[in-house]
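Each chain is listed here by its residues.
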Amino acid sequence: FFFSSRRRHTRCLSDWSSDVCSSDLNEKNELVQPEKMYNNIKVITEEYPIEQLVQLYHSHHVLVYPSWGEGFGFIPLQGLATGMPVISTYDWAQYKDYLGPLKLKSRLTNAETEGVPKAVGDPHMGSFYKPDREHLENQMYDAAENFKAYSGYYFAQSTEIHKEYDWIKLTKNAFEHLEEKFS
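Numbers given to residues run from 1 along each chain, matching the order in which its sequence is written. Reporting in this predicted model follows two pLDDT cut-offs: at least 70 for local features of residues, and 80 or more for side-chain atom pairs to be given and counted; totals over whole chains, interfaces and linings ignore these cut-offs and use all residues. For side-chain calculations, the full set of non-hydrogen atoms in the structure is used, while hydrogens and water are omitted.

## Quick word on the side chain of Gln 78
Each helix is a run of H or I in the DSSP string that is no shorter than four residues. Each strand is a run of E no shorter than two, and both are numbered from the N terminus. With respect to the helices and strands, Gln 78 occurs in helix 3 (residues 74-81). Taking relative accessible area as the criterion, Gln 78 reaches 18% and is therefore assigned buried. In terms of polar contacts, Gln 78 uses its side chain to reach the side chain of Tyr 57, at 2.9 Å. Residue contacts follow a heavy-atom distance rule, with two residues in contact if any of their heavy atoms lie within 4.5 Å. Gln 78 has contacts with Leu 53 and Tyr 57, leaving out every residue within four places of it along the chain. Burial here depends on accessible area, computed with a 1.4 Å probe over protein chains only, as a share of the maximum for the residue type. Under 20% is buried, over 50% is exposed, and the range in between is partly exposed. For the purposes of these results, a polar contact is taken to be a pair of N or O atoms within 3.5 Å, where, inside protein, one atom must be able to donate a hydrogen and its partner to accept one; residues adjacent in sequence count only when each atom of the pair is a side-chain atom.

Set out below in structure tokens:
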């Protein structure tokens, strides 16, 4: 999700797979739908065109992505590419060096032993990197308090991210490698 340090800010949550997009549990150990609990939450379930997506990133200050695991984690990379400070679990990230001082601590754990709710655990039973909640809270506070310094740090590295993750160049290199291998 994104957050802004503005007085009346909105938190935007994006979830591409279901109507539930919070890992917080209520007292009955059920997943909570945050937009029903708070008036400053906007849940995004549709795909945005690139212009609208860039506008979303630019209209917020920090991207917070405390994921339990990803294949690649495109959303944090997009945030980093805009120069936005990103708080994200880093153990699984291919681009962990770019997460810098706001990278989020986690520990490798098993879904069954952690009591992951069925709605979350069923499709992904196995090992996860569980984000450290206390560290997340500290990182969010730190990002809000030191936003100017972090925005400068992350913006300065965005050009390198664009160079390293140039999808046209990477795709061309991959196909050239395949052509050489199978020719």
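Structure shown, so let's carry the discussion forward.
## Some points on the nonpolar core
Counting 28 residues, the largest nonpolar core has Leu 80, Ile 87 and Tyr 95 as the members making the most contacts within it. Breaking this core down by element, the ones donating at least two residues are helix 2 (50-58), strand 4 (62-65), helix 3, strand 5 (86-88), helix 4 (96-99), helix 7 (133-145) and helix 8 (147-164). Sort the elements by how many residues they give to this core and strand 4 lands first, with four residues. For Leu 80, the contacting residues outside a window of four places in its chain are Val 86, Tyr 95, Tyr 98, Leu 99, Tyr 154, Gln 157, Ser 158 and Ile 161. Nonpolar cores are built from buried Ala, Val, Leu, Ile, Met, Phe, Trp, Tyr and Cys residues. Side-chain atoms within 4.5 Å join them into one set.

## Description of helix 3
An α-helical turn contains 3.6 residues, so any two residues separated by three or four positions project in the same direction. Most of helix 3 is tucked away, with six of its eight residues classed as buried. When we look at burial in helix 3, the residues that qualify are Ile 75, Pro 76, Leu 77, Gln 78, Gly 79 and Leu 80. Elements that come into contact with the buried residues of helix 3 comprise helix 2, strand 4, strand 5, helix 4, helix 8 and helix 9 (167-182). Of the residues flanking the end of helix 3, it is Gly 83, one or two places downstream, whose phi is positive at about 90°.

## Details of a nonpolar patch on the surface
By definition, no residue in a patch forms a salt bridge, and every one has over 30% relative accessible area; like charges are joined within 9 Å, nonpolar side chains (Val, Leu, Ile, Met, Phe, Trp, Tyr) within 5 Å. Only the protein chains shown count as cover for residues, with accessible areas throughout obtained via the Shrake-Rupley method and a probe of 1.4 Å. Between Lys or Arg on one side and Asp or Glu on the other, a salt bridge is scored when a side-chain nitrogen of the former is within 4 Å of a carboxyl oxygen of the latter. Residues Phe 74, Trp 167 and Leu 170 make up a contiguous nonpolar surface patch of about 280 Å² in total accessible area. Here Phe 74 is to be found in helix 3. Accessibility expressed as a relative area gives 41% for Phe 74, which makes it partly exposed.

## Concerning the environment of Val 54
On the secondary structure map, Val 54 appears in helix 2. Residues Val 54 and Thr 82 lie 28 residues apart in sequence; the distance between their C-alpha atoms is 7.8 Å.

## Observations concerning the packing of aromatic side chains
Only centres within 6.5 Å qualify two rings of Phe, Tyr or Trp (six-membered ring in Trp) as a pair; their planes then separate them into stacked at under 30 degrees, edge-to-face at over 60, and tilted for everything else. Scanning the entire structure with this criterion turns up five aromatic pairs. Considering the side-chain rings of Tyr 165 and Trp 167, the 5.8 Å spacing of their centres and the 50° angle between planes classify their relative orientation as tilted. When its relative accessible area of 41% is taken as the criterion, Trp 167 is described as partly exposed.

## A few points about the environment of Glu 164
Residue placement: Glu 164 occurs in helix 8. A C-alpha to C-alpha distance of 9.7 Å links Glu 164 and Tyr 95, two positions 69 residues apart in sequence. The residues contacting Glu 164, other than those within four sequence positions of it, are Tyr 98 and Leu 170.

## A few points about helix 9
Multiplying 1.5 Å by the residue count of a helix minus one yields the expected span of that helix. Between the first and last C-alpha of helix 9 there are 22 Å, a value that for 16 residues agrees with the 22 Å anticipated at 1.5 Å per step. Where helix 9 begins, the capping side chain belongs to Asp 166, and its oxygen is found 3.2 Å from the backbone nitrogen of Ile 168.

## Quick look at the environment of Trp 167
Along the chain, the position of Trp 167 falls in helix 9. When sequence neighbours within four positions are dropped, the list of residues in contact with Trp 167 reads Phe 72, Phe 74 and Leu 77.

## Points about the confidence of the model for the chain
As a per-residue measure, pLDDT reflects the predictor's confidence and takes values from 0 up to 100. Confidence in the prediction of the chain, expressed as mean pLDDT, is 76, and 68% of residues score 70 or more. Here strand 2 (residues 11-14) is the element of the chain with the lowest mean pLDDT, 47, and helix 8 is the one with the highest, 93.

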